[in-house]
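The residues making up each chain are set out below.
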Amino acid sequence: MAKTAIAYKEKMKEISVLSLICSCLYPESRKNIMGDFEDMDIKPLNKRASGQAFEVILKPPSPVSDATHCITSPPKKDISLEDIQKKLEAAEDRRRSQEAQVLRALAEKREHERDVLMKAMEENSTFSRMAEEKLQMKMEQIEENRQAYLESIMERLQEKERHAQEVRRNKELREEVTA
């Protein structure tokens, strides 16, 4: 760390020497550094190791500068009654135009709301109709399945009845043969 501090001090000496040489060779550049401002003075203070120091002094406003900054309003024109009437009519036209535009926007908004409502109602009725048709088809399928089930049960019952009659007949025939 000591080496770094020593190297830093040497570098600062080199910079200050270089600054001195430059200021000797180019004295006008030092004036440009100060700058010329109308409302302030800049005075350099003694040099320090950390850099250059300046004192900035603001000048009080002078009466001459007030005249240059004073903004005068443009001269007023004489406005005739016709000009006033034209301006009032133009303002009335703008008001009517704006009012009509607002009414058109409201009408478009209402139309859009109506369209959205109609579309929603149409979709709702389509959904209801489809659900009803689906339910109807399901009920028909259930009824067909029930009928088929009942017919199969009846057929099995009749088959059992036929088989029972055949068994009874065979039994009677055996009893007659054995008797």
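Predicted model, so just to flag it, every value in this text is computed and none were measured. The residue numbers shown here count from 1 along each chain, following its written sequence. Selection of residues for local features in this predicted model requires a pLDDT of at least 70, selection of side-chain atom pairs for listing and counting requires 80 or more, and totals for whole chains, interfaces and linings are taken over all residues. To obtain the side-chain values, all non-hydrogen atoms of the structure were included, while hydrogens and water were left out.

Visitor: Break down the overall build of the protein for me, with residues and values.
Guide: Numbering goes from the N terminus for both helices and strands, where a helix is a DSSP run of H or I of at least four residues and a strand is a run of E of at least two. Helices and strands together make up the secondary structure of the protein, namely 4 helices and 2 strands. Counting from the amino terminus, the protein carries its helices and strands in the arrangement α-α-β-β-α-α. Taking all 179 residues of the protein together, the buried fraction comes to 1%. Only heavy atoms matter for contacts: two residues are in contact if any of them lie within 4.5 Å across the pair. Once local pairs closer than 6 in sequence are excluded, the contacts in the protein between residues at least 24 apart make up 6%. Summed over its atoms, the accessible surface of the protein is roughly 17700 Å², and 59% of this surface lies on carbon and sulfur atoms. For each residue, the accessible area found with a 1.4 Å probe, counting protein chains only, is set against the maximum for its type, and the residue is called buried under 20%, exposed over 50%, and partly exposed in between. Residue exposure ignores everything except the shown protein chains as possible cover, and the areas themselves are Shrake-Rupley values with a 1.4 Å probe.

Visitor: I'd like a rundown of the confidence of the model for the protein, residues and numbers included.
Guide: Confidence of the predictor in every single residue is expressed as pLDDT, which spans 0 to 100. Here the protein averages 81 in pLDDT, and 70% of its residues register 70 or above. For the protein, per-element mean pLDDT is lowest for helix α2 (residues 27–34), which scores 49, and highest for helix α4 (residues 81–178), which scores 95. Ignoring residues within four places in sequence, the model shows residues 29–34, a span with pLDDT below 50, making 6 contacts including any to other chains.

Visitor: With reference to specific residues and values, describe a nonpolar patch on the surface.
Guide: Here the term patch refers to residues with relative accessible area over 30% and no salt bridge, with like charges joined within 9 Å and nonpolar side chains (Val, Leu, Ile, Met, Phe, Trp, Tyr) within 5 Å. Put simply, a salt bridge is a Lys or Arg side-chain nitrogen that is within 4 Å of an Asp or Glu carboxyl oxygen. Where nonpolar side chains cluster on the molecular surface, the patch consists of I79, L81, I84 and L88 and spans about 420 Å² of accessible area. Take L81: it is sitting in helix α4.

Visitor: Describe the pattern of salt bridges, and please don't skip the residues or the numbers.
Guide: Applying the stated rule across the entire model yields 6 salt bridges. Its salt-bridge partner being E111, residue R114 comes within 2.8 Å of it at the nearest N-O pair. With R114 and E111 both in helix α4 and 3 residues apart, the pair spans about one turn of that helix. Three or more residues joined by partner-sharing salt bridges are found here, namely E92, D93, R95, R96 and E99.

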